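Tertiary structure, described
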Amino acid sequence: MAAIRMDGNALRDEVVAGLAQRIEELGSPDICLATLLVGDDGPSQRYVNSKHKKAAEAGMVSRHESLPASATQAEVETVVRSLALDDSVHGILVQLPLPDGLDPEPVLDLIPAEKDVDGLTERSMGRLVRGRPGLVSCTPLGVMRLLEKYDVPISGRRAVVVGRSTLVGLPLSLLLNRKGTDATVTMAHSRTADMAGVVREADIVIAAAGQARMITADMVKPGAAVIDVGVSRTEAGIVGDVDFEPVAEVAGWITPMPGGTGPMTIASLLENTLTAAALQGVVTLT
Ligand code: GUN
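As a starting point, this report considers the structure included with it. (Residues numbered from 1 in each chain as written. Predicted model: local features only at pLDDT ≥ 70, side-chain atom pairs only at ≥ 80, totals over all residues. Heavy atoms only, no water.)

Turning next to the sheet that holds strand β4 (residues 91-94). One open sheet holds the 3 strands; their spatial order is β3-β2-β4, and the pairing between them is parallel. The outermost strands of the open sheet, each flanked by one partner alone, are β3 (61-67) and β4. The sheet shows a mean angle of 15° between the axes of neighbouring strands, direction not considered. (Pairing = 2+ DSSP bridges. Helix = DSSP H or I, 4+ residues; strand = E, 2+ residues; numbered from the N terminus. Axes fitted to C-alpha atoms, helices over the stretch in contact; angles between N-to-C directions.)

It is at 11 Å that the axes of helix α1 (residues 8-25) and helix α6 (residues 138-149) come closest, and there the two elements cross at 100°. Accordingly, the angle class assigned to the pair α1 and α6 is roughly perpendicular. Contacts between α1 and α6 pair Gly-8, Leu-11, Glu-14 and Val-15 from the former with Arg-145, Leu-146 and Lys-149 from the latter. Within the contact of α1 with α6, the residues separate by chemical class into 3 nonpolar, 1 polar and 3 charged. (Parallel < 35°, antiparallel > 145°, perpendicular 65-115°, else oblique. Contact = heavy atoms within 4.5 Å. Nonpolar A, V, L, I, M, F, W, Y, C, P; charged D, E, K, R; others polar.)

Moving on: the sheet that holds strand β6 (residues 184-188). In spatial order, the strands read β1-β11-β8-β7-β5-β6; together these 6 strands make up an open sheet with parallel pairing. Edge positions in the sheet fall to β1 (4-5) and β6, since each has one partner strand and no second. For β1 and strand β11 (residues 253-254), the ladder comprises 2 bridges, and the chain directions are parallel. Note that in β11 the partner of Ile-4 across the bridge is Trp-253.

A few words on the site of the ligand. In the region of the ligand, the neighbouring residues are Leu-93, Val-94, Gln-95, Leu-96, Asp-118, Thr-139, Leu-167 and Thr-265. Take Gln-95: an N or O atom from its side chain is 3.2 Å from a nitrogen atom of the ligand. Leu-96 places a polar main-chain atom, nitrogen or oxygen, 2.8 Å from a nitrogen atom of the ligand. Protein coverage of the free-state accessible area of the ligand, which is 280 Å², stands at 84%. (Near = heavy atom within 4 Å. Polar contact = N/O pair within 3.5 Å; in protein donor to acceptor, adjacent residues only side chain to side chain. Areas by Shrake-Rupley, 256 points an atom, 1.4 Å probe, with all protein chains shown as cover.)

Residue alternation in strand β8 (residues 225-228) divides its side chains into two sets, Ala-225 and Ile-227 and Val-226 and Asp-228, and both sets are buried. Sheet topology note: the strand β7 (residues 204-207)/β8 ladder contains 4 bridges and is parallel. From the neighbouring strand, Ile-206 faces β8, where its bridge partner is Ile-227. Two elements, β8 and β11, share 2 bridges in a ladder whose sense is parallel. Across the sheet, the residue bridging to Ala-225 is Trp-253, located in β11. (Buried < 20%, exposed > 50% of the residue type's maximum accessible area, 1.4 Å probe, protein only.)

What follows is about helix α2 (residues 42-57). Residues spaced three or four apart along an α-helix point in a common direction, a consequence of the helix completing one turn every 3.6 residues. The terminal C-alpha atoms of α2 lie 23 Å apart, and with 16 residues this matches the ideal 22 Å at 1.5 Å per residue to within 8%. If you check which residues of α2 are buried, you get Pro-43, Ser-44, Val-48, Lys-51, His-52, Lys-54 and Ala-55. For α2, the elements touching its buried residues are α1, β2 (32-38), β3, β4, β9 (232-234) and α10 (261-279). At the C-terminal side of α2, Gly-59 shows a positive phi close to 85°. (Expected span 1.5 Å × (residues − 1).)

We now examine the environment of Val-79. As for its position among the elements, Val-79 is in helix α3 (residues 73-85). Assessed through its relative accessible area of 14%, Val-79 is described here as buried. For the pair Val-79 and Thr-139, spaced 60 residues apart in the sequence, the C-alpha separation amounts to 25 Å. With residues up to four places along the chain from it excluded, the contact list for Val-79 reads Leu-36, Glu-65 and Leu-67.

Moving on, we come to the layout of surface pockets. In this structure, the second largest pocket occupies an estimated 190 Å³ of space. Lining of the second largest pocket is provided by Gly-134, Val-136, Leu-141, Met-144, Arg-145, Glu-148, Leu-175, Arg-178, Thr-181 and Asn-272. Among the residues forming the lining of the second largest pocket, the class breakdown is 4 nonpolar, 3 polar and 3 charged. (1 Å grid on protein atoms, 1.4 Å probe; cavity = no way out; pocket = protein on both sides within 12 Å on 5 of 7 lines; lining within 4 Å. Points joined across faces, edges and corners; volume = space filled by probe spheres on them.)

This brings us to the nonpolar core. Nonpolar side chains tend to gather and get buried jointly when the protein is soluble and globular. The biggest cluster of nonpolar side chains holds 47 residues, and the ones touching the most others in it are Leu-147, Leu-176, Ile-204, Ile-206 and Leu-270. Only α1, α6, β5 (158-162), α7 (169-177), β7, β8 and α10 provide two or more residues apiece to this core. The element contributing the most residues to this core is α10, with 8 residues. When near neighbours in sequence (up to four residues on either side) are disregarded, Leu-176 contacts Met-144, Leu-147, Ile-154, Ala-159, Val-161, Thr-181, Asp-182, Ala-183, Val-185 and Ile-206. (Core = buried A, V, L, I, M, F, W, Y, C linked by side-chain atoms within 4.5 Å.)

This part covers the packing of α2 against α10. One can describe the packing of α2 onto α10 by two numbers: an axis separation of 10 Å at closest approach and a directional angle of 55°. Taken as axis vectors, α2 and α10 run oblique relative to one another. Classified by chirality, the crossing of α10 by α2 is right-handed. Touching Ser-50, Lys-51, Lys-54 and Ala-55 of α2 are Ile-266, Leu-269 and Leu-270, all from α10. (Left-handed = near helix turned anticlockwise from the far one by under 90°.)

Written out as structure tokens, the structure is:
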């Protein structure tokens, strides 16, 4: 059986086109996403560029701030403070990881909850834990959109999230588990005993460990949905956490890498930016 390919590029385009239409219907207000990139990491620069490109396609304005890798903690925090105070900026994204020596936690917590389009501040994460409305981090939200779009059954099913990062694994486990979604969630990680046995139990596998091709076909229950969030830079190029071709023979659904969860992260970021603008009273969403 060949798995259904979950096309993140196509769904992202659909989301961006939908946003463009909604923003036009709202009278094309200036909705602004600001990004901050510290350092000159090539892949991070490309991610940030594509966020700006897609923001423009959605009818949003965007602003980019950059600092050299040698920037101090205080310099980074000064930029974020000024974006936080700027009424013309509705969403703030600090591209992670920050260069060595910079602590992301105090930087992120300078972002006001209503501008936190990445959903990574303590207040946004706290709201997610408490089941209260708020901005939710983009990759987990994008994964949920993909599962919905492809009608993957979730309620009552077993989901295994491999990787417990605050960017992906942790918030995604909360989204899958929450009332109304109702998966039974196991979090697996580098210390999990019998990883293959744990993953084999899953109807939904979220591979978010950043370990190149660690999910192999023998670990996957036939018919399971396999979502690849991993990105590893190897000598063979950028690869995901899933050994794609063999796993696609076993799984029921699978995301390609690239072209699966990555584009959905951007789609969710732009949706969050519209929500953030509404939280700040720039638009009224119905
Ligand atoms: N780096 C890789 N993915 C992300 C993301 O979703 N948000 C931020 N801020 N940085 C990232």
